[in-house]
Structures are given as structure tokens and as C-alpha cells.
Amino acid sequence: AHESGWTMYEMLNIVKRQAADVIHVDPRFDAGFTGARISAGIAEAAGIPVVLHSYGELGVAFAGCLHLAASCPNFSLANQGTSYRLLTDDIIKGGPLQFDVNKMAVPSGIGIGVQLDEDKVAVYEEYYQREVCVDGREKQLLTDAYAGMYFRPFFRDWGDEHK
């Protein structure tokens, strides 16, 4: 169940109906990390593996997602992190978290293991205001790719099929 089980309530419905063999969990849509953990627990009780759904998180949210996946035994399949791999910079100190081939260690520092780089936050806030906003609101998007089209200069080349 890809995008049909965003909340713990939808998760329960999927499990009751035996409608999926694997379910995506996404804290953005499921009452945050607590809701996503509850959804993973519902799936775990039903013997269904979950995978982390990901789209465009920066280091703070991605670190939180890594902690979520590490805390739930049924995050046992390949979890998404592809969009994070495309970043050339991040708003966390030390730059983007690094993959070890196709794995990533859970950050182990204070809190969730990463710290904001306030200078980079200021730089990207200025860019956002200059390039994405008009009179304090986002410009009309020309594609359905969220605001990602404005931030393409900050991503590695990801092939013509995604441009």
C-alpha cells in the first residue's frame, strides 16, 4: 500500500482488509513521528513489514526518520532515502549525512544526532524568499513537483528522465 495508508486510521483499515503485503509509513502525513510509530506498530502486530516513505527531507527530518526506522523492528525492507542522496548541501552542521553504499548509520549525537547550521538556514531562507516567493507567497508552480523545481540547482544531476 503505497500512498493509500498515510495515517494510523488508514493503516488499521488496510490491515483489517488484508489489503497489502508491505506498507509505506510517512511521518509527514501521520501525526508526525508518533503517528508513524503507531502505524508501524499496527502493521507489526499484523505481521506486515513497513518501509519509510521519503520525499525531499533535509538532514533534521531525515535523521528523525532514521531513528524511526531503527526503533521499529518491521522496517525490515529497503527504506527510501533516494531524494536525500541527491542533496549537495544541507542545513545541518557538517553537510549532508553520508551513505555507506546503500546504508546509513543512525546519527548518535545529542537529541536526534544532528544540529542546525544557522548560517546555512539564513542563506536558504534568503534564496527561498528571492526565488520562490512573491509578496510572501509561493509563486504559481509550473509542475507538480512541489517547490523542488526551484531548488534543482542544489541537487546532483539525477538524469534527464527527472528534469
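Refer to the structure printed above.
These lines cover the structure that appears in this document, whether it is placed above or below. (Residues numbered from 1 in each chain as written. Predicted model: local features only at pLDDT ≥ 70, side-chain atom pairs only at ≥ 80, totals over all residues. Heavy atoms only, no water.)

1. A word on the packing of helix 1 (residues 8–16) against helix 2 (residues 32–45)
The description of two packed helices rests on the angle between their axes and on the distance between the axes. Close contact between helix 1 and helix 2 brings their axes to 9 Å; oriented N to C, the two are set at 10°. Considered as vectors, helix 1 and helix 2 are oriented roughly parallel to each other. For the pair helix 1 and helix 2, the contacting residues are Met8, Met11, Leu12 and Val15 in the first and Gly35, Ile38, Ser39, Ile42 and Ala43 in the second. Of the residues in the contact of helix 1 with helix 2, the class split is 7 nonpolar, 2 polar and no charged. (Axes fitted to C-alpha atoms, helices over the stretch in contact; angles between N-to-C directions. Helix = DSSP H or I, 4+ residues; strand = E, 2+ residues; numbered from the N terminus. Parallel < 35°, antiparallel > 145°, perpendicular 65-115°, else oblique. Contact = heavy atoms within 4.5 Å. Nonpolar A, V, L, I, M, F, W, Y, C, P; charged D, E, K, R; others polar.)

2. Remarks on the packing of helix 2 against helix 3 (residues 59–71)
Contact geometry of helix 2 with helix 3 gives a least axis separation of 11 Å together with a crossing angle of 25°. Taken together, the axes of helix 2 and helix 3 lie roughly parallel to each other. When you trace helix 2 past helix 3, the crossing you get is right-handed. Contact with helix 2, carried on its side by Phe33, Ala36 and Arg37, involves Ala61, Gly64, Cys65, Leu68 and Ser71 of helix 3 and no other residues of that element. (Left-handed = near helix turned anticlockwise from the far one by under 90°.)

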